[in-house]
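An overview of the molecular structure
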Amino acid sequence: GINIFDEYRGSEAAWLWVQVMRVFHSLTGCNRYIANPYQFGSENSEALQSGAFWFYYRLGYRPVEPGIRLQARQEFSKIRSDRRYRTPLRKLRELAACDMHLMLPGASKKDFFDETCIEKSGVLATRQLADTPALSRRKALQHLCRHLAGILNITDLNDWTVAERKWLSNLGPLIAATDPGRWSTREKRALVKMIRAKGGEAELDYARKARNLGRFFSSLKKVCGRITR
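The paragraphs below set out a description of the structure included in this document. Note that the coordinates shown come from a computational prediction; the quantities given were computed from them, not determined experimentally.

1. So, the overall build of the protein chain
Across its full length, the protein chain carries 11 helices and 3 strands. Secondary structure elements in the protein chain, listed N-terminal to C-terminal, are α-β-α-α-β-α-α-β-α-α-α-α-α-α. The C-alpha atoms of the protein chain give a radius of gyration of 22 Å, which is well past the 17 Å a tight globule of 229 residues would have. The buried share among the 229 residues of the protein chain stands at 37%. Considering only contacts in the protein chain between residues 6 or more positions apart, those separated by 24 or more positions represent 67%. Surface summary for the protein chain: the accessible area is close to 14500 Å², and the carbon and sulfur share equals 52%. Each charge sign in the protein chain was given a centre, from 40 positive and 23 negative side chains, and these centres are 5 Å apart.

Now the structure itself:
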């Protein structure tokens, strides 16, 4: 997270943030940026007072909910027609009711992994371990790792570093839930490379490999979609 302090707001804050996004896009190919409601006003009086919603709006971010997007468009037309007009705090609070997305060329709705799936992924992993025939969490993870090694054609885990084996264990329940046994050999090989990259010294290689493994995240999203609270 990056905070622009009061004395710097209204100067080069927008330019600096654009450079940050440019770096992420150049390094990882990221083409969707998300601003959560708190960042521009939901339960955040400082963000409301600063008009943070319009900071993101002017950079191209748009509310994801159609009704809120329409309200924002109408409100922005008032701002453009009257330079003295200021959006009331009440309206800013209404606009801060959903995420805002900035989608660059190449961004696709099918690639979007909703943040609600993160919470559901935890539930999914717990259920996956509970269904594993083992008497403890540690043994359940060991069982899953052996099972996945066979499915993903991993011949010898002794060739893996401690960190790589750790991430096979950490990601194992989620990977198993996506039924990788039905994937192609190429997709399985790419998944193995992603897991090992997660155990590498730098996060960048993992980010790049993860971005190119849409099969895993789309499958995970589909499975999470079946989970109810």
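2. Things to note about the nonpolar core
The biggest cluster of nonpolar side chains holds 33 residues, and the ones touching the most others in it are L124, I175, L191, M194, I195 and F216. Elements represented by at least two residues in this core include exactly α6 (116–130), α7 (137–151), α8 (162–177), α9 (185–198), α10 (203–211) and α11 (214–224). Here I175 is in contact with L148, P180, L191, I195 and F216, once residues within four sequence places are set aside. Judged by nonpolar contacts, the second largest core, of 23 residues, contains F40, A52, F53 and M100.

3. As for the side chain of D99
Among the secondary structure elements, D99 is positioned in the loop between α5 (89–95) and β3 (100–103). A distance of 3.3 Å separates a polar atom in the side chain of D99 from a polar atom in the side chain of N36. Once you skip the residues sitting within four places of it in the chain, D99 turns out to touch I34, A35, N36, P37, R62, P63, V64 and E115.

4. Some words on unusual backbone geometry
One non-glycine residue, E43, adopts positive backbone phi at about 55°. Given the relative accessible area of 78%, E43 is considered exposed. Here the phi dihedral of N153 falls at roughly 60°; this positive angle occurs in a residue that is not glycine. Residue placement: N153 occurs in the loop between α7 and α8. Taking the relative accessible area as the measure of exposure, N153 reaches 51% and is therefore exposed.

5. Details of the environment of C117
Within the fold, C117 resides in helix α6. Residue classification places C117 among the buried positions, given a relative accessible area of 7%. Along the chain, C117 and K222 lie 105 residues apart, while their C-alpha atoms are 9.5 Å from each other. Setting aside its immediate chain neighbours within four residues, C117 contacts K221 and C224.

6. Focus on the state of the cysteines
If you walk through the whole model with that rule in mind, you get 0 disulfides. Left without a disulfide partner, C117 is nearest to the cysteine sulfur of C224, which lies 4.9 Å away.

7. What to know about the pattern of salt bridges
Going through the model one piece at a time under the given rule, you end up with 9 salt bridges. Residue K78 pairs with E75 through a salt bridge whose shortest N-O separation is 3.7 Å. Of the two residues, K78 and E75 are both situated in helix α4 (residues 66–81); the distance of 3 residues between them amounts to about one turn of the helix. Residue classification places K78 among the partly exposed residues on the basis of a relative accessible area of 42%. One salt bridge connects E94 with R90, and the closest N-O pair in it is separated by 3.2 Å. Of the two residues, E94 and R90 both sit in helix α5, 4 residues apart, roughly one turn of that helix. Under the relative-accessibility criterion, E94 is labelled partly exposed at 32%. Connected via shared salt-bridge partners are R90, K91 and E94.

Parameters at a glance
- Residues numbered from 1 in each chain as written.
- Predicted model: local features only at pLDDT ≥ 70, side-chain atom pairs only at ≥ 80, totals over all residues.
- Heavy atoms only, no water.
- Helix = DSSP H or I, 4+ residues; strand = E, 2+ residues; numbered from the N terminus.
- Rg over C-alpha atoms; globule rule 2.2 N^0.38 Å.
- Buried < 20%, exposed > 50% of the residue type's maximum accessible area, 1.4 Å probe, protein only.
- Contact = heavy atoms within 4.5 Å.
- Areas by Shrake-Rupley, 256 points an atom, 1.4 Å probe, with all protein chains shown as cover.
- Lys, Arg positive; Asp, Glu negative; His and termini not counted.
- Charge placed at Lys NZ, Arg CZ, Asp CG, Glu CD.
- Core = buried A, V, L, I, M, F, W, Y, C linked by side-chain atoms within 4.5 Å.
- Polar contact = N/O pair within 3.5 Å; in protein donor to acceptor, adjacent residues only side chain to side chain.
- Disulfide = S-S within 2.5 Å.
- Salt bridge = Lys/Arg side-chain N within 4 Å of Asp/Glu carboxyl O.

In short, the description is geometric, and any link to function would need to be established separately.
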